[in-house]
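Here's the letter readout for the chains.
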Amino acid sequence: VVQGIQVAAKQGQGTVVLTTGGRTEKFVMQELPHLPPACFVQMGDFLRYALDTAVEEGIRQVVIGGMVGKLTKMAQGETITHAGRAEVDTDLLAELAREAGAPAGVCEAIRGAETARYAAERMQALGLYAAFHEALTRRVIATLAARYPGKFALRVLVCDFEGNKIAEAAHD
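Conventions used here
- Residues numbered from 1 in each chain as written.
- Predicted model: local features only at pLDDT ≥ 70, side-chain atom pairs only at ≥ 80, totals over all residues.
- Heavy atoms only, no water.
- Helix = DSSP H or I, 4+ residues; strand = E, 2+ residues; numbered from the N terminus.
- Rg over C-alpha atoms; globule rule 2.2 N^0.38 Å.
- Buried < 20%, exposed > 50% of the residue type's maximum accessible area, 1.4 Å probe, protein only.
- Pairing = 2+ DSSP bridges.
- Contact = heavy atoms within 4.5 Å.
- Axes fitted to C-alpha atoms, helices over the stretch in contact; angles between N-to-C directions.

Draft legend 1. Molecular detail of the overall build of the protein chain. Each helix and strand in the protein chain was counted, giving eight helices and five strands. When the helices and strands of the protein chain are placed in sequence order, the string is α-β-α-β-α-β-α-α-α-α-α-β-β. Its C-alpha atoms give the protein chain a radius of gyration of 16 Å, near enough to 16 Å, the size a compact globule of 172 residues would have. Considered along the principal axes of its C-alpha atoms, the protein chain spans approximately 50 × 30 × 30 Å. Relative to its 172 residues, the protein chain shows a buried fraction of 50%.

Written as structure tokens, this is what we have:
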């Protein structure tokens, strides 16, 4: 992860695109075809190392591509997003569902569930899929902007499990 970001910086790239895996990398490569391959780095679970290196290397534009589970962990402030490191904050997911317009009963069901995917599926069934994911991207940006104030512009793109774009948000 560190070396991938260093390579992009040494090539003079001002943007790095961090993804959580192969599926999200393929998705963002389709969304951002103008960027050279060196800009795309699979960070996996290692958000902290990726962002710290981007700052150290003077990268001014960071794009994160992810899906609901890893993005939820980023939104809740986790910097290592591995499944074994921390539980998904279902209170946060319920709050995002409420912001997106979900009824109280659905929010409570989400609060009592174990996975972020469950929340996404419930929101999709209500027709609130995009609104929920937009709230999630805004929360990721708010969390990371607080941790890295003024260090880089941030854009977050979210896709579903088939690699289809759901939402995005950006912050300078």
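Draft legend 2. View of the pairing of strand E1 (residues 15-19). Burial analysis of E1 places five of its five residues in the buried class, which makes it a mostly covered element. Taking every second residue as pointing to the same face, both faces of E1 are buried, with Thr 15, Val 17 and Thr 19 on one and Val 16 and Leu 18 on the other. Bridging between E1 and strand E3 (residues 61-66) involves five bridges; their strand directions are parallel. Within E3, the position partnered with Thr 15 by the bridge is Gln 61.

Draft legend 3. Up close: the side chain of Thr 15. Within the secondary structure, Thr 15 is located in strand E1. The residues touching Thr 15, leaving out its near neighbours within four places in the chain, are Leu 35, Cys 39, Ile 59, Gln 61 and Val 63.

Draft legend 4. The arrangement of the sheet that holds strand E4 (residues 153-159) in detail. Taking strand neighbours across the sheet as the criterion, the five strands line up as E2-E1-E3-E4-E5 in an open arrangement whose pairing is mixed. Among the strands making up the open sheet, the edge pair consists of strand E2 (40-42) and strand E5 (165-171). Across this sheet, the average inter-strand angle for adjacent strands is 20 degrees, counted without regard to direction. With six bridges connecting them, E3 and E4 associate as parallel partners.

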